[in-house]
Amino acid sequence: MARQLRAEQTRATILGAAADLFDRHGYESTSLSEIVTHAGVTKGALYFHFAAKEDLAHAIMELQSRTSRRLARELDGRGYTSLEALMRLTFGMARLCEEGPVLRAGLRLATGGVPVRPPLPHPFTEWREIASSRLLDAVRQSDLHPDIDVDSVAHTLVCSIVGTRVVGGTLEPAARQPRRLAGMWHILIRGMVPVTRRARYLTLAARLERELGGV
């Protein structure tokens, strides 16, 4: 049992080190030797868990996928409307991005063209599916205009989130991310939420911005 625990800790250490380097320098510019040094492990320990750099990238994207799906399930079980759950999911993922390098690295891998191994879906495909299901429910709950194109809105939402993160991370300090995310939601809410329900979700976006700003 102790040996298994040590192995799991070593694997997590290697993944964290790889994620940190992928996030800061990119996949192509990071070598296995650099990961070994950054993790403080031997090459043998790394190769015991991961046969190649591609395996590290795949493990990070798997962890990213599990995290987003877990957070979505947790929010679905708290009694929120579907639109509120979707908004909280985007802010929750942003919070997790600030708390550790794994999700930031997963996003950089996804935008960097690193291949995703089936059956794992591409992160952007998975996020669109998560968004689409909640947007459909929001239409049924009358929180969205009944004639919106759900697929188009889901695609726009994912593009906006990814773009906000990538562009903001390049041009602005991380502290600006909550404001940019809230600004994105303000634009979407004004375009797709009926006037009678708009104030509720604009207020929610502002509150989530304040909460995320405390990270």
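Treat the numbers as computed from the prediction; the structure is a model and nothing was measured.

Trainee: Can you help me understand the environment of aspartate 147 in this one?
Mentor: Relative to the elements of secondary structure, aspartate 147 occurs in the loop between α7 (123-140) and α8 (150-171). Overall, aspartate 147 belongs to the exposed group, its relative accessible area being 68%. Measuring from C-alpha to C-alpha, the distance between aspartate 147 and proline 115 comes to 36 Å, with 32 residues separating the pair along the chain.

Trainee: Help me understand the UniProt feature "domain: HTH tetR-type" (unreviewed entry) in the protein chain, please; the structure alone is not making it clear to me.
Mentor: The UniProt record annotates "domain: HTH tetR-type" (unreviewed entry) at residues 8-68. This span, residues 8-68, is 80% helix and 0% strand, and a straight line between its end C-alpha atoms measures 22 Å.

Trainee: What is the right way to look at the packing of aromatic side chains in this model?
Mentor: Given two aromatic rings, their pairing is described by the distance between the two centres and the angle made by the two planes. Per the counting criterion, the structure on display carries two aromatic pairs. Geometrically, the ring pair formed by phenylalanine 124 and tryptophan 127 is tilted, given 5.6 Å between the ring centres and 50 degrees between the ring planes. Of this pair, phenylalanine 124 and tryptophan 127 both sit in helix α7, three residues apart, which is roughly one turn of that helix. Over the face of the ring belonging to tyrosine 27 we find lysine 53, whose NZ or CZ atom lies 4.4 Å from the ring centre.

So, how was this worked out
- The numbering scheme is per chain: residues are counted from 1 as the chain's sequence reads.
- With the structure being a predicted model, the display of local features is reserved for residues of pLDDT at least 70 and the display and counting of side-chain atom pairs for 80 or more, all residues being used for whole-chain, interface and lining totals.
- Values shown for side chains rest on all heavy atoms present in the structure; no hydrogens or waters enter the calculation.
- The helix and strand labels rest on DSSP assignments: H or I over at least four residues marks a helix, E over at least two residues marks a strand, and numbering proceeds from the N terminus.
- Summary of the burial criterion: residues with accessible area below 20% of their type's maximum are buried, those above 50% are exposed, and those between are partly exposed, where the area comes from a 1.4 Å probe applied to protein chains only.
- UniProt positions are given in the numbering used here, feature names are shortened, and annotations may be inferred rather than shown by experiment.
- Side-chain rings of Phe, Tyr and Trp (the six-membered ring for Trp) are treated as a pair once their centres are within 6.5 Å; stacked means planes under 30 degrees apart, edge-to-face means over 60, and tilted covers the remaining angles.
- By the criterion adopted, a ring carries a charge over it if an Arg CZ or a Lys NZ lies within 6 Å of its centre and within 35 degrees of its normal.

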